[in-house]
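Overview (structure and organization)
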Amino acid sequence: MEFQQNPNIVIVVLSFFLALALSVLPLPLNWAWFRPEFVALLVIYWVMALPDRMGVGMAFGVGLVQDVVENAVLGQHALALVAVAYVCVLSYRRIRNYALWQQSAWVFVLIGIHQLFCNWVHSLTGPASQSLIFLVPALVSALIWPMMLIAMEWLRIRTQSSRF
Amino acid sequence: MDPVRAKLGLITHSVYWVTNLPSDFGDWVGERFTSKQDLLDENAALKEELLIHKRKVQQMASIYAENVRLQQLMNSSERLNERVVVAEIFGVSPDPLAHKVIINKGSRDGVYVGQPLVDADGLMGQVVEVSPFSSHVLLITDSTHAIPVHINRNGVRAVAEGVGDLYQLELRHVSNTVDIQEGDLLVSSGLGQRFPAGYPVAIVDTVVHDPGQPFARVTARPMAQLNRSRHVLLVFNETRPKLEPIQSDGIPAKP
């Protein structure tokens, strides 16, 4: 990753809007478990790319918007994303130096934590998944992490501005 | 929190509008590039279908009149007049554990919480949340949903519960002696005061009598095309049922 600290704020907002749209894109109900957690992936990406600008507060805000858009319990995704962002902020120095597949393994753990929090809130408010099936999105997210990382790095370096 | 959510529904609506663009585009392309022969074939098929339905409607009038007469004889309440509005499904709940869809009609169109939703084949669910331009509908197969039904053949009442499977409902507390068979049609009984009576809900799939269990295990397959329909009907109850005290001679008391 480049250690360039001039993000184009438009790209950050646009990327999150796109991730939100992808996370509510209609899928057949039987396929719903195979949807990657786009918003959580993006939070991990931005925290690792710009750790001094993006952090727990950003994750909280994005989580609230995701709750509204997905019509979930207000605070469910905010809580999960805050946990993910916190672990990311603590560990980004090491993770940046990992190989892509090692990063994927780490992303699996992070999204797994995210799913665990979401499932926990589910179990407090209604039906929760009874088996480990709720970890399937973590697996799918880990698989698309290398692709997303390469695409986002390309986009970020192309668009970074010097206005900040 | 609900009013806040209803206001924020506008943000939500814009996101869902974006996610709906590809399918809108697909529809548009489909409309533009249909061959003339396809349209002619479709037209012919529709005309044929219309003819069949018209024949059925011919007898409808007399049957309806007869039904009204009989109901007056029995002194039972009149059938409610129901108005319907066509809505379009433009989103599916991203939560894999919830069977919810989002439709493009909201409080601006008079949609209210608890309103039933049907498609061409049967009952789909009920509205659980309303924002100005869209509303959320809980499908009958959601694991938190149950609907009072009766068997069309003999009028035995039951409660059909969703189990979180799109192709299955379960009937609750059906004792082993109840007359219920595979292939029985379950229609809404209207007992919960939420769904109008008489809409087809499901067809009984399996009936298992296990001597070790206190109740028979009955599963049914929903009639409505829960994951295929795009255009659905919102049913408006124009007149809510009025409850009048009945005197001993069976004539309703004057208020």
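Structural notes, computed from the coordinates. (Residues numbered from 1 in each chain as written. Chains lettered and ligands numbered in written order. Predicted model: local features only at pLDDT ≥ 70, side-chain atom pairs only at ≥ 80, totals over all residues.)

**Observations concerning the overall build of chain B**
Looking only at helices and strands, chain B has two helices and 12 strands in total. Secondary structure elements of chain B occur, N-terminal to C-terminal, as α-α-β-β-β-β-β-β-β-β-β-β-β-β. The burial tally for chain B puts 27% of its 255 residues in the buried class. Summarising the internal contacts of chain B: among those between residues at least 6 apart in sequence, 56% fall at separations of at least 24. (Helix = DSSP H or I, 4+ residues; strand = E, 2+ residues; numbered from the N terminus. Buried ≥ 20, exposed ≤ 12 C-beta atoms within 10 Å, placed from the backbone. Contact = placed C-beta atoms within 7 Å.)

**Observations regarding the environment of Pro222 of chain B**
Residues and elements named next belong to chain B. Residue position: Pro222 is located in strand β11 (residues 216-222). The buried category is assigned to Pro222, around which 26 C-beta atoms lie within 10 Å. Spatially, the C-alpha atoms of Pro222 and Leu185 are 10.0 Å apart, while their sequence positions differ by 37 residues. Look past the residues within four positions of Pro222 in its chain and what remains in contact with it is Gly122, Ile140, Thr141, Leu169, Val201 and Ala202.

**Re the interface of chain B and chain A**
At the interface, 23 residues of chain B touch 22 residues of chain A. Of all the secondary structure elements, the ones that give two or more residues to the side of chain B that touches chain A are α1 (2-32) and β1 (82-92) of chain B. Ranked by residue count, the leading element in the side of chain B that touches chain A is α1 of chain B, at eight residues. Each residue belonging to the side of chain B that touches chain A can be placed in one class, and the counts come to 11 nonpolar, 10 polar and two charged. (Nonpolar A, V, L, I, M, F, W, Y, C, P; charged D, E, K, R; others polar.)

**Re the pairing of β1 of chain B**
Residues and elements named next belong to chain B. Pairing of β1 with strand β12 (residues 231-237), which is carried by seven bridges, proceeds in the antiparallel orientation. Each residue of the ladder has a partner; that of Arg83, found in β12, is Phe236. Note: β1 against strand β2 (residues 100-103), three bridges, orientation antiparallel. When the sheet's bridge partners are listed, Ile89 is paired in β2 with Ile103. (Pairing = 2+ DSSP bridges.)

**Overview of the nonpolar core**
The biggest cluster of nonpolar side chains holds 80 residues, and the ones touching the most others in it are Val43, Ile44, Leu81 and Val84 of chain A together with Ala160 and Val201 of chain B. In terms of residues, this core owes the most to one element, helix α2 (residues 38-49) of chain A, which gives 11 residues. In contact with Leu81 of chain A, other than residues within four places in its own chain, are Ala40, Val43, Ala59, Val62, Gly63 and His114 of chain A. (Core = buried A, V, L, I, M, F, W, Y, C linked by C-beta atoms within 7 Å.)

**A closer look at the packing of helix α1 (residues 9-24) of chain A against α2 of chain A**
All names here are of chain A. Their axes nearest at 8 Å, the elements α1 and α2 cross at an angle of 155°. The angle between α1 and α2 places the two elements in the roughly antiparallel class. Packed against α1, whose contacting residues are Val12, Ser15, Phe16, Ala19, Leu20, Leu22 and Ser23, the element α2 presents Phe38, Val39, Leu42 and Trp46 at the interface. Looking at the contact of α1 with α2 residue by residue, the classes come out as nine nonpolar, two polar and no charged. (Axes fitted to C-alpha atoms, helices over the stretch in contact; angles between N-to-C directions. Parallel < 35°, antiparallel > 145°, perpendicular 65-115°, else oblique.)

**Brief notes about the sheet that holds β2 of chain B**
Strand order in the closed barrel formed by six strands is β1-β2-β5-β4-β3-β12 (chain B), with antiparallel pairing between adjacent strands. Going across the sheet, the axis of each strand differs from the next one's by a mean of 45°, ignoring polarity.

**Quick look at unusual backbone geometry**
With a phi close to 60°, Asn71 of chain A is a non-glycine residue in the positive phi region. For Asn71 of chain A, the position within the fold is in the loop between α3 (56-70) and α4 (76-96). On the basis of neighbour counts, which here come to 23 C-beta atoms within 10 Å, the residue Asn71 of chain A falls in the buried class. Of note in this structure, Gln193 of chain B is not a glycine but carries a positive phi near 65°. The exposure class of Gln193 of chain B is exposed, given the 11 C-beta atoms found within 10 Å.

**Re the environment of Arg35 of chain A**
Relative to the helices and strands, Arg35 of chain A is located in the loop between α1 and α2. C-beta crowding within 10 Å serves as the criterion here: with 18 such atoms nearby, Arg35 of chain A is assigned to the partly exposed category. Arg35 of chain A sits 29 residues away from Leu64 of chain A along the chain, and the two C-alpha atoms are 20 Å apart. Not counting the four nearest positions on each side in its chain, Arg35 of chain A is found in contact with Ser23, Leu27 and Pro137 of chain A together with Pro94 of chain B.

**Re the sheet that holds strand β6 (residues 146-151) of chain B**
Residues and elements named next belong to chain B. Pairing within the closed barrel is antiparallel, and its six strands lie in the order β6-β7-β8-β11-β10-β9. If you compare each strand with its neighbour and ignore which way they point, the axes differ by 40° on average. Note that strand β8 (residues 169-174) and β11 share four bridges and pair antiparallel. Considered in β11, the bridge of Glu170 is made with Thr219.

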